[in-house]
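If you want the building blocks of each chain, they are given just below.
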Amino acid sequence: MIRWSAIAASLLAASTLFVGCTSSSAPTASGAAPAGGAAPAAGQKVRIGVSIPSATHGWTAGVNWWAEQTKALYPDAEITIVTSDSPSKQVSDIEAMLAKGVDGMVILATESAAITPVAKTAKERGVYVVSVDRGFTEPVADIFLEGDNIGFGRVAAEFISKKLNGNGKVIALQGLPSTVNTDRLNGFKEAIKGTPGIQIVAEPEGGWNRDQAYKAVQTLLPKHADLAAVWAADDDMALGVEQALKEANRTNVWIVGGGGMKDVVKKVMDKDAMFPATVTYSPNMIASGIHMAVSALRDGNIDKKRGYLPRHMRISVDLVTPENAQQFYFPDSIY
Amino acid sequence: MVEAQGITHRFGSFAALTSVNLRLQVGEIHGLIGENGAGKSTLLRILSGLIIPSEGELSVDGVARRFARPREASDAGIAVVHQELNLIPDLTVIENISLGREPRRAGLLDRAAMREIAVRALERVGSPSDPDALVRDLPLAEQQLVEIARAMSQNARIIIFDEPTAVLPRPATLKLLDLMRQLKSEGVGIAFVSHHLDEIEAVCDVVTVLRDGQVVKEFHAPDLAPEVLAPAMVGRDLEDMYPARTEVNGKPVAMQVQGLSAPPLVQGAQFELREGEILGVAGLVGAGRTELLEAIAGLRPCSGQISLKGQAVSGNARRRLAQGIAYVPEDRKVTGLHVDLSIEENIGMAQLPKFARPMLNAGARRAATEAWKERLDIKMRSAEDPVGSLSGGNQQKVALAKWLEGDPAVLLLDEPTRGVDIGAKAEIYKVIADLAAEGRACVVASSEMPELIGLCHRILVMRQGRIVGEVTGTEMTEETILNYAAGVETGEDVA
Amino acid sequence: MKFLKQYGVIVAFFLLFIVSAIMDPGNFLRPENLLLLVRQNVDIGLIAVGMTIVIVAGGIDLSVGALMTLAAAVGLTALNQQGPAGGAAAVAIATVVTVGLGTVLGLINGLLVTMGRLAPFVATLCGLVAFRSLALVIGQAGEIRSMSPDLFPRIANEGINLGGNLKLTWGMMIFIGMAVIAHILLERTALGRGWVAVGSNEKASHYAALPVAKLKTLSYVFLGLCSGLAGLIYASRLNSVSTNNMGTLYELDAIAAVVIGGASLAGGKGKVINTVFGVLILALIGNMLVLQNVDSNWKGFVKGAIILLAVMVQRERKAS
């Protein structure tokens with residue numbers, strides 16, 4: 001498993017390398033473009049389509065923000081960002097972008113299976129495909145930057161077990177029913193199983209949002225007077241939990257959320273007793289995907305570059321503690 | 001032949017029908033009359049399979065039958081032409097005629113066969129309609145013919161007509177009666193329900209009179225004169241239907257209408273109305289009677305002058321109501337009343353500010369309701385019952401009370417006795433005469449000429465939006481009115 | 001029998017209440033849990049009360065969830081413009097802006113329906129998407145945080161202490177107050193009777209010289225006011241507005257509460273008190289599902305089944 005920071009570093013290095021390399025051999029690069037050529041002709045702007053879910057909660061809002069930030073980073077590339085609120089909408093949005101003509105697509109799929117066929121079509125048309133977070137059900141992507149939802153739950157569970165010394169009651173607060181939610185919850189529960197002294201007393205639904213999380217935990221608190229900790233399947237919900245605990249004067253209960261929301265990372269950094277740690281699952285993974293697509297396509301010579309780029313990377317889930325929080329803190333991000 | 005024997009039907013503890021016997025023969029027109037609530041519609045619903053009677057038997061051609069669904073009755077050869085037509089407005093004539101029995105070929109609709117069935121049935125009933133027209137676009141009378149054609153296409157041997165003429169203009173009524181005679185001669189049996197005793201007399205061979213859920217008498221042609229049938233219906237001798245007219249000559253003018261136009265159906269209407277006068281408005285359907293009254297009441301945009309006791313009247317309906325012009329619409333169910341709401345709610349409806357300023361004074365409204373109940377003899381159990389649970393005549397009285405509550409100087413009454421049985425009619429005439437005697441001026445628009453002739457001091461006749469004639473005194477005959485209404489041609493008599 | 005027909009929902013609520021009490025007396029019957037039933041549902045409750053009026057007057061409003069979000073987003077932006085030291089004045093400005101904007105948006109809905117002659121479903125469907133979109137623009141699809149860390153949250157979270165840690169919050173009082181006002185308006189004033197009349201039969205109301213368009217518009221204005229208050233309380237509860245998910249599907253929960261309360265979607269029939277109990281039934285179901293730790297995938301099924309049951313129990317049996 002590659003650490004995220006390492007990826008970023010290597011990527012930056014790789015992209016500067018490509019820039020230097022192609023600028024000196026531009027004529028051959030355009031001549032060597034493959035038949036179904038994804039690479040644009042030399043001198044043309046590289047056209048990248050970015051297809052991501054609409055901002056329906058904090059994390060996806062973060063994805064949107066990071067995508068826009070990355071776009072601003074590459075004024076020489078023509079980057080189109082389209083957000084879709086459902087798998088079927090995403091399919092038609094990608095089809096529309098293909099019809100308009102793109103050299104590369106960066107896709108954060110709303111649902112893996114539903115988006116696979118259209119990704120395959122893109123691939124067959126010679127479009128360079130980067131898949132972020134959720135994979136496709138067939139290996140159609142040129143690069144797959146995988147998010148690790150099982151790890152999201154596991155890393156948090158390991159921390160909780162350790163901090164509780166193997167004993168205590170916890171609430172596992174889940175999001176809306178979905179593949180992501182199931183992976184995170186199962187990852188958490190599987191890892192907790194290893195510590196029999198830890199008891200999951202409830203698995204309420206917090207709907208990925210602060211209000212529902214707040215209400216659900218508010219309802220459960222009187223029932224569980226000896227609660228030790230709450231795990232929340234994302235940071236939006238973690239903030240709702242915090243409010244419910246504070247209002248009920250139960251600040252001895254602590255929370256582990258996840259997702260890399262700046263406020264939560266800040267709380268960890270500031271040694272807030274209610275937030276001893278969190279885990280990363282940063283929406284900036286979309287930025288990584290766009291970087292990779294741009295650097296792969298820029299100035300042609302794609303066939304050679306394939307050999308320099310990985311096919312599959314899993315973005316590690318890191319445990320954020322007061323000691324290392326600084327490196328995960330992005331104060332300008334909206335998430 | 002369809003025979004019903006010993007039919008009793010109860011709704012809860014209330015017996016709508018008690019031991020009713022009825023025999024409908026093919027080749028015969030059988031009149032079915034009775035006041036509202038006498039049990040006619042329950043009997044029809046039993047015959048058409050809409051409800052299963054509590055007791056009693058139905059037989060078709062001597063074989064006992066039990067209709068659990070309307071479909072079973074129509075399969076047995078009994079078809080119903082409902083007063084509220086059962087057609088789908090957005091389907092074509094062809095589609096309506098075959099509805100539910102569409103011929104199919106290879107699982108798909110056989111359009112050619114459907115057309116053939118429709119064209120043949122339309123021809124049989126003499127319908128002029130385009131088979132491809134949407135039913136929505138047809139005039140009411142033609143829609144009715146489509147419904148009859150549908151019955152014919154199902155090879156109905158008995159057709160039940162439930163008040164078919166209530167909604168028809170006069171010429172269409174005459175045509176329909178002719179069609180019924182023709183169907184009879186083709187061997188179809190007909191049950192005919194109507195409030196119009198002249199129509200019953202004109203076509204029926206046998207008449208069964210229902211009262212309070214029981215058959216009170218059966219009459220046979222030619223002994224079917226209205227004077228004979230009516231007392232049997234109401235169960236008592238009718239006093240004189242129409243109350244005596246008061247003298248209005250020399251009374252001050254209550255309302256003056258000048259050059260009133262609401263195109264296209266009201267053009268240049270001009271007349272005066274005296275206090276205590278009952279003014280009739282006659283005319284064929286589409287002549288503009290309703291539109292004239294609505295224009296006066298401020299319910300449709302119009303030009304011209306109206307003055308009430310010398311004061312000019314203008315503004316929207318609310319302002320005119322406040323100034324003393326009240327319009328009681330013809331269609332109680334749709335425009336006249338809130339049928340789902342309570343009686344007292346309805347009576348307060350046109351005068352909400354009076355009963356609620358700003359808090360509703362339920363006591364005052366209840367008192368007003370009770371007062372009107374006394375005054376108009378409204379038969380009701382409780383002021384909280386929905387107005388729709390009352391009989392037609394009592395609903396009409398509630399509608400009158402609703403607009404009288406504002407103490408109007410001029411009362412515009414549109415078809416005040418439509419769908420009201422004969423006993424209640426007489427009562428309503430009396431109420432109108434009493435209101436006039438108090439000094440209120442009344443305008444009565446009606447399609448029933450005997451009613452206008454019996455009730456009014458004076459009758460205006462409208463044709464194509466214009467007032468084309470005015471008749472008074474001995475001039476007030478059906479013939480004169482029809483002459484004006486139809487142009488120059490002479491009106492024909494029913495028989 | 002007549003009582004059951006008119007107030008069946010109240011009976012249904014108490015049946016559910018007893019069942020819940022038997023199932024989990026230790027937790028369900030705690031006074032703080034019972035207070036939570038109301039406190040957590042103040043926003044839905046306010047909207048449902050207003051929705052009762054609109055539905056009785058023969059309309060429907062799908063835009064409420066988005067409307068409250070937009071109103072609150074603008075309100076919070078106004079609060080923040082006063083700076084961190086805005087104090088009571090800033091909170092007052094936020095309150096006026098949120099509630100006022102809610103009312104104005106309600107007026108727009110009403111005018112689209114009456115003067116624009118649009119079907120209520122269509123007009124407010126446009127609001128549902130458009131208001132949300134405007135809120136996303138204002139909040140950059142993210143969260144707007146209030147700069148009043150202490151004062152603004154008091155609206156939803158502080159109130160009269162009832163002893164122990166029991167509190168009757170200002171939010172709860174606003175809800176109860178608006179329910180009482182709506183009840184009186186509907187049952188006891190010319191305005192309310194007019195709403196019933198228009199919903200029951202618009203044509204007959206026109207003929208009875210009622211100001212039909214004005215009545216219909218006012219019903220949406222009232223709902224806009226309720227939704228603005230709901231937005232204010234929501235924003236105050238979390239001291240922030242999450243423009244992307246605040247109030248999503250609130251319109252359906254509110255309509256569900258009204259329907260459980262026995263109102264007819266065809267208009268002309270409905271009581272505010274019954275809607276309040278409809279809200280409480282939904283609240284109670286939600287509370288029990290959480291307390292009983294029901295698998296979250298099954299929650300919708302249980303909710304749907306209970307709504308169905310509540311509606312069927314109240315259905316009028318046809319007499320003839």
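Rules behind the numbers
- Residues numbered from 1 in each chain as written.
- Chains lettered and ligands numbered in written order.
- Predicted model: local features only at pLDDT ≥ 70, side-chain atom pairs only at ≥ 80, totals over all residues.
- Heavy atoms only, no water.
- Contact = heavy atoms within 4.5 Å.
- Buried area = accessible area lost by both parts, 1.4 Å probe.
- Salt bridge = Lys/Arg side-chain N within 4 Å of Asp/Glu carboxyl O.
- Polar contact = N/O pair within 3.5 Å; in protein donor to acceptor, adjacent residues only side chain to side chain.
- Helix = DSSP H or I, 4+ residues; strand = E, 2+ residues; numbered from the N terminus.
- Nonpolar A, V, L, I, M, F, W, Y, C, P; charged D, E, K, R; others polar.
- Pairing = 2+ DSSP bridges.
- Axes fitted to C-alpha atoms, helices over the stretch in contact; angles between N-to-C directions.
- Domains from an automatic or database assignment.
- pLDDT = per-residue confidence, 0-100.
- Buried < 20%, exposed > 50% of the residue type's maximum accessible area, 1.4 Å probe, protein only.
- Patch = residues over 30% accessible without salt bridge, like charges linked within 9 Å, V, L, I, M, F, W, Y side chains within 5 Å.
- Areas by Shrake-Rupley, 256 points an atom, 1.4 Å probe, with all protein chains shown as cover.

Engineer: Just to check I follow, could you spell out the interface of chain C and chain A for this structure?
Structural biologist: Contact with chain C, which involves 30 residues of that partner, is made by 30 residues of chain A. Summed over both partners, the interface of chain C with chain A buries about 2,400 Å², with 45% contributed by carbon and sulfur atoms. Ranking the residues of chain C by area buried against chain A places C:Gln40, C:Leu238 and C:Val290 at the top, with a combined share of 21%. Remark: the boundary between chain C and chain A carries five salt bridges. When the shortest N-O distance is used, the salt bridge between C:Glu143 and A:Arg210 registers 2.9 Å. Our enumeration of links across chain C and chain A arrives at 16 residue pairs in polar contact (both at pLDDT 80 or more). Among the secondary structure elements, those contributing two or more residues to the side of chain C that touches chain A are α3 (31–39), β1 (143–145), α12 (212–238), α14 (272–291) and α15 (296–314) of chain C. For the side of chain C that touches chain A, the element with the most residues is α3(C), which contributes four residues. Classifying every residue of the side of chain C that touches chain A gives eight nonpolar, 13 polar and nine charged.

Engineer: What exactly am I supposed to notice about the sheet that holds strand β4 (residues 55–60) of chain B here?
Structural biologist: Note on sheets: strands pair through backbone hydrogen bonds, and any given pair is parallel or antiparallel. All names here are of chain B. Ordered by their spatial adjacency, four strands build an open sheet running β2-β1-β4-β5, and the pairing between neighbours is antiparallel. The open sheet has two edge strands, β2 (14–24) and β5 (63–65), and neither has a second partner. For this sheet the average axis-to-axis angle between neighbouring strands, irrespective of direction, equals 30 degrees. Inspection of the sheet shows β4 paired to β5 by three bridges, in the antiparallel sense.

Engineer: Looking at this structure, I do not really get the domain arrangement of chain A. What am I missing?
Structural biologist: Residues and elements named next belong to chain A. For chain A, the assigned domains read domain 1 (4–148 + 283–318) and domain 2 (149–279). Contacts between domain 1 and domain 2 engage eleven residues on the former and 14 residues on the latter. Across the interface of domain 1 and domain 2, roughly 840 Å² is buried in total on both sides, 50% from carbon and sulfur atoms. At the surface where domain 1 touches domain 2, the tally comes to zero salt bridges. When the residues that make up the side of domain 1 that touches domain 2 are grouped by side-chain class, the tally is three nonpolar, three polar and five charged.

Engineer: Any chance you could explain the confidence of the model for chain A here in plain terms?
Structural biologist: Scored by pLDDT, chain A comes out at a mean of 82, with 87% of its residues at no less than 70. The low-confidence segment residues 1–37 of chain A, where pLDDT is below 50, has 38 contacts with residues more than four positions distant or belonging to other chains.

Engineer: Hey, could you run me through the interface of chain C and chain B in this one?
Structural biologist: Often, the extent of an interface is quoted as the loss of accessible area upon association of its parts. Of the residues lining the interface, 24 residues belong to chain C; the matching set on chain B comes to 28 residues. Taken over both partners, the interface formed by chain C and chain B buries close to 2,000 Å², and the fraction arising from carbon and sulfur atoms is 63%. A per-residue breakdown of the area chain C buries against chain B is headed by C:Arg188, C:Arg193 and C:Tyr207, which together make up 31% of the total. Put simply, B:Glu345 and C:Arg193 hold a salt bridge, and the shortest N to O gap is 2.7 Å. Across the chain C-chain B interface, the total number found is eleven residue pairs in polar contact (both at pLDDT 80 or more). Every element with two or more residues in the side of chain C that touches chain B is listed here: α9 (170–188), α10 (190–200) and α11 (202–207) of chain C. When residues in the side of chain C that touches chain B are grouped by element, the largest group, six residues, is from α10(C). Grouping the amino acids of the side of chain C that touches chain B by side-chain chemistry returns eleven nonpolar, eight polar and five charged.

Engineer: Where do I start with the pattern of salt bridges in this structure?
Structural biologist: A side chain of one charge can pair with a side chain of the opposite charge if their charged atoms are brought near each other. Tallied over the entire structure, the rule returns 59 salt bridges over all chains. As a salt-bridge pair, C:Asp150 and C:Arg154 come within 3.1 Å of each other at their nearest N and O atoms. Judged by its relative accessible area of 48%, C:Asp150 falls in the partly exposed class. Under the relative-accessibility criterion, C:Arg154 is labelled partly exposed at 39%. Among the charged side chains, a network of salt bridges with common partners joins B:Glu345, B:Arg365, C:Glu187, C:Arg193 and C:Lys271.

Engineer: I would appreciate a short explanation of a nonpolar patch on the surface in the present structure.
Structural biologist: Residues and elements named next belong to chain C. A surface patch of nonpolar side chains, amounting to about 540 Å² of accessible area, comprises Val104, Ile108, Leu112, Leu118, Phe121, Val122 and Leu125. Of all elements in the fold, only α6 (87–114) and α7 (120–139) reach the threshold of two or more residues within the nonpolar patch. Assignment of secondary structure puts Ile108 in helix α6. For Ile108, a relative accessible area of 38% translates into the label partly exposed.

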